Amino acid sequence: MNPPEGGVADELPEVAPRLRDLRRRRGLTLEAAAQRAGLSPAHLSRLETGRRQPSLPMLLALARIYGTTVSELLGEMSPERDAIVRGARFEGAAADGWMYQQAGGSGRAMQALRVRVPYGTQGDLVRVHPGEEWLYVLAGRLRVSLGDTVHDLDPGDSAHFDSLTPHRITAVDREGSELLFVHTLLQSPTVELCLGSAIHRR
């Protein structure tokens, strides 16, 4: 839940200055970064001053722009750059209702996450940004909107699409949904390799 307009978010307290520092380090104005992230400058300003808490989709968008990962944005210790990331019980971090756990190493051209999407959260948030995304449904039913088409995915189904296609992800069942999610970082060399929209059935 977002704090009042004049209030200060009491969650993720260190994210705000880190977002501001990363933007400045990239040499981006508030307006330029906001445009790339699909946000208004005023909204990004509130995120950078701690007056609004960012959602996971917002953190993903900003991580792409700044060439980093969500975990690093939040100041968490990332797994070492190793080919193997051992499985563990899901103990994800929360971002505006979504739960996520890093599933890949840092310093790569792609970011891999294990994500839990609760029912009804971010249901009206449509994203558009450079890059490509792949997701695989582990549990629950997931609704993926790509442009004007809507797809309901069951466990075992996957989607691989160009992120410039307006897209929205919501959980269909009240129990929520769990998925593996991989996306390219905006500043990676592979960002131009967008292969188009596709839904794959098992």
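The structure presented is a predicted model; accordingly, all values stated were derived computationally and were not measured.

What counts and what doesn't
Throughout, a residue's number is its position along its own chain's written sequence, starting from 1. Local features in this predicted model are restricted to residues whose pLDDT is 70 or higher, and side-chain atom pairs enter the listing and the counts only when it is 80 or higher, whereas totals over whole chains, interfaces and linings include all residues. For the side-chain quantities, the full set of heavy atoms in the structure was used; hydrogens and water were omitted. Salt bridges are defined by distance alone: a side-chain nitrogen of Lys or Arg within 4 Å of a carboxyl oxygen of Asp or Glu. A run of H or I in DSSP counts as a helix once it spans at least four residues, and a run of E counts as a strand once it spans at least two, with each numbered from the N terminus. Only centres within 6.5 Å qualify two rings of Phe, Tyr or Trp (six-membered ring in Trp) as a pair; their planes then separate them into stacked at under 30 degrees, edge-to-face at over 60, and tilted for everything else. Think of it in three bands: with a 1.4 Å probe and only protein chains considered, a residue is buried below 20% of the maximum accessible area for its type, exposed above 50%, and partly exposed in between. For two strands to be treated as a pair, DSSP must find no fewer than two bridges joining them. Fitting a line to C-alpha atoms yields each axis, with helices limited to the stretch in contact; the angle taken between N-to-C directions then spans 0 to 180 degrees.

Caption draft 1: The pattern of salt bridges, seen in detail. Following the criterion strictly, the structure yields six salt bridges and no others. With a closest N to O distance of 2.6 Å, glutamate 48 and arginine 23 form a salt bridge. Remark: arginine 23 occurs in helix 1 (residues 15-25) and glutamate 48 occurs in helix 3 (residues 41-48); sequence separation between them is 25 residues. A salt bridge links arginine 64 to glutamate 133; the nearest nitrogen and oxygen atoms lie 2.9 Å apart. Placement of the pair is arginine 64 in helix 4 (residues 56-66) and glutamate 133 in strand 4 (residues 132-139), with a sequence separation of 69 residues. A single salt-bridge network, built from bridges that share partners, covers Arg114, Arg116 and Glu178.

Caption draft 2: Highlighting the packing of aromatic side chains. Summed over all chains, the structure comprises one aromatic pair. With a centroid separation of 6.2 Å and an interplanar angle of 20 degrees, the aromatic rings of tryptophan 134 and tyrosine 136 are classed as stacked.

Caption draft 3: A look at helix 4. Across the eleven residues that make up helix 4, a large majority, eleven, are buried. Among all positions of helix 4, only Leu56, Pro57, Met58, Leu59, Leu60, Ala61, Leu62, Ala63, Arg64, Ile65 and Tyr66 are buried. Of the residues trailing helix 4, glycine 67 is marked for its positive phi of about 65 degrees.

Caption draft 4: Layout of the sheet that holds strand 6 (residues 149-153). What the three strands build is an open sheet, ordered 6-5-8; its pairing is antiparallel. What marks the edges here is a single partner per strand, and that holds for strand 6 and strand 8 (167-171). Across the sheet, the mean angle separating the axes of adjacent strands is 15 degrees when strand polarity is ignored. Where strand 5 (residues 142-146) and strand 8 come together, five bridges link them in antiparallel fashion. Within strand 8, the position partnered with valine 144 by the bridge is isoleucine 169.

Caption draft 5: Inspection of the pairing of strand 9 (residues 177-184) at higher detail. Buried residues dominate strand 9, accounting for seven of its eight residues. The pairing of strand 4 with strand 9 spans six bridges and is classified as antiparallel. Each bridged residue has a counterpart across the sheet, and for glutamate 133 the counterpart in strand 9 is histidine 183.

All quantities given are derived from atomic positions and should not be read as evidence of function.
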